[in-house]
Amino acid sequence: MSNSIKHLINQFNLQTRLFNNVTTGIKDSDSTKQMNENTNHTAWLTGHTVSTRFMLAGALGLKEAEPYPELFQNGKGLDKNAKYPSMADLTSGWNSISEKVAAALNALSEEVLATKMPRPVPTGDTLGDFISFLMHHEAYTIGQLGIYRRFHGEEAMKYN
């Protein structure tokens, strides 16, 4: 395994664990509360992060159906009129898709990472660039979820 793949996998595994840690204990009654009218809420951030993980699965060739495409697919923004699923429902697909993606990441070669993507992301235009951008994006939303934990009166996210 090359170093670039190793580092992507390490980041992926960390974020898999942190997502579970940051969403645990959030009450459904709190999940759609916003800090103000211009922010997303916990339910949206949670579903969006899961959706992004399914997007990564698709880029790796996995044929897995996103659980709530009507709410999150293609980066769909917060719909203030939508009824969002429970936190348990929103997070239920995270671990299973993460296991499948981890296996696909472990099988990647440098040549596959260098494959050009149809659309560039801010980090570049290869599959490796796409993966690294999604890792950044996940970290960003996990950080927002961490702030919401405190907003909801929960203890800070744990790294273990």
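J.: I'd like to hear about the packing of aromatic side chains, residue by residue, with values.
T.: For any two aromatic rings, the description comes down to two numbers: the centre-to-centre distance and the angle of the planes. For the structure on display, the rule yields three aromatic pairs. Ring centres of Phe19 and Trp94 lie 4.0 Å apart, and the angle between their planes is 35 degrees; this geometry places the pair in the tilted category. Of the two residues, Phe19 is situated in helix 1 (residues 3-23) and Trp94 in helix 6 (residues 94-106); the sequence distance between them amounts to 75 residues. Here Tyr148 and Phe151 contribute two aromatic rings whose centre-to-centre distance is 5.5 Å and whose plane-to-plane angle is 90 degrees, an arrangement assigned as edge-to-face. On the criterion of helical spacing, the pair formed by Tyr148 and Phe151 is a turn pair, its members being three residues apart in helix 8 (residues 127-151). With relative accessibility at 4%, the residue Tyr148 sits in the buried group.

J.: A description of the nonpolar core should follow, citing residues and the corresponding values.
T.: Counting residues in each nonpolar core, the largest one holds 39 residues, and the members touching the most others are Phe12, Leu56, Leu60, Val101, Leu105, Leu108 and Ile131. Looking at this core, the elements with two or more residues in it are helix 1, helix 3 (42-59), helix 4 (69-72), helix 5 (87-91), helix 6 and helix 8. Residue contributions to this core peak at eight residues, all from helix 8. Not counting chain neighbours up to four residues away, the residues in contact with Leu108 comprise Ile5, Leu60, Leu113, Leu127 and Ile131.

J.: Mind laying out the environment of Asn36, listing which residues take part and the relevant values?
T.: Turning to its location among the elements, Asn36 is positioned in the loop between helix 2 (28-31) and helix 3. In terms of polar contacts, Asn36 uses its side chain to reach the backbone amide nitrogen of Asn38, at 2.6 Å.

J.: I'd like a description of a nonpolar patch on the surface, backed by residues and values.
T.: A grouping of Met35, Ile147 and Phe151 is seen on the molecular surface, where their side chains present a nonpolar patch of about 280 Å² in accessible area. Mapping Met35 onto the fold places it in the loop between helix 2 and helix 3. Looking at Met35, the relative accessible area reads 35%, which means it is partly exposed.

J.: Go over the pairing of strand 1 (residues 116-121), please, and point to the residues and values.
T.: Of the pairings in the sheet, the one linking strand 1 to strand 2 (residues 124-126) comprises two bridges and is antiparallel in character. Following the sheet pairing, Lys116 is matched in strand 2 by Thr126. Hairpin connection, strand 1 to strand 2: the antiparallel pair is bridged by two residues.

Conventions we followed
Residues numbered from 1 in each chain as written. Predicted model: local features only at pLDDT ≥ 70, side-chain atom pairs only at ≥ 80, totals over all residues. Heavy atoms only, no water. Phe/Tyr/Trp six-rings, centres within 6.5 Å; stacked < 30°, edge-to-face > 60°. Helix = DSSP H or I, 4+ residues; strand = E, 2+ residues; numbered from the N terminus. Buried < 20%, exposed > 50% of the residue type's maximum accessible area, 1.4 Å probe, protein only. Core = buried A, V, L, I, M, F, W, Y, C linked by side-chain atoms within 4.5 Å. Contact = heavy atoms within 4.5 Å. Polar contact = N/O pair within 3.5 Å; in protein donor to acceptor, adjacent residues only side chain to side chain. Patch = residues over 30% accessible without salt bridge, like charges linked within 9 Å, V, L, I, M, F, W, Y side chains within 5 Å. Areas by Shrake-Rupley, 256 points an atom, 1.4 Å probe, with all protein chains shown as cover. Salt bridge = Lys/Arg side-chain N within 4 Å of Asp/Glu carboxyl O. Pairing = 2+ DSSP bridges.

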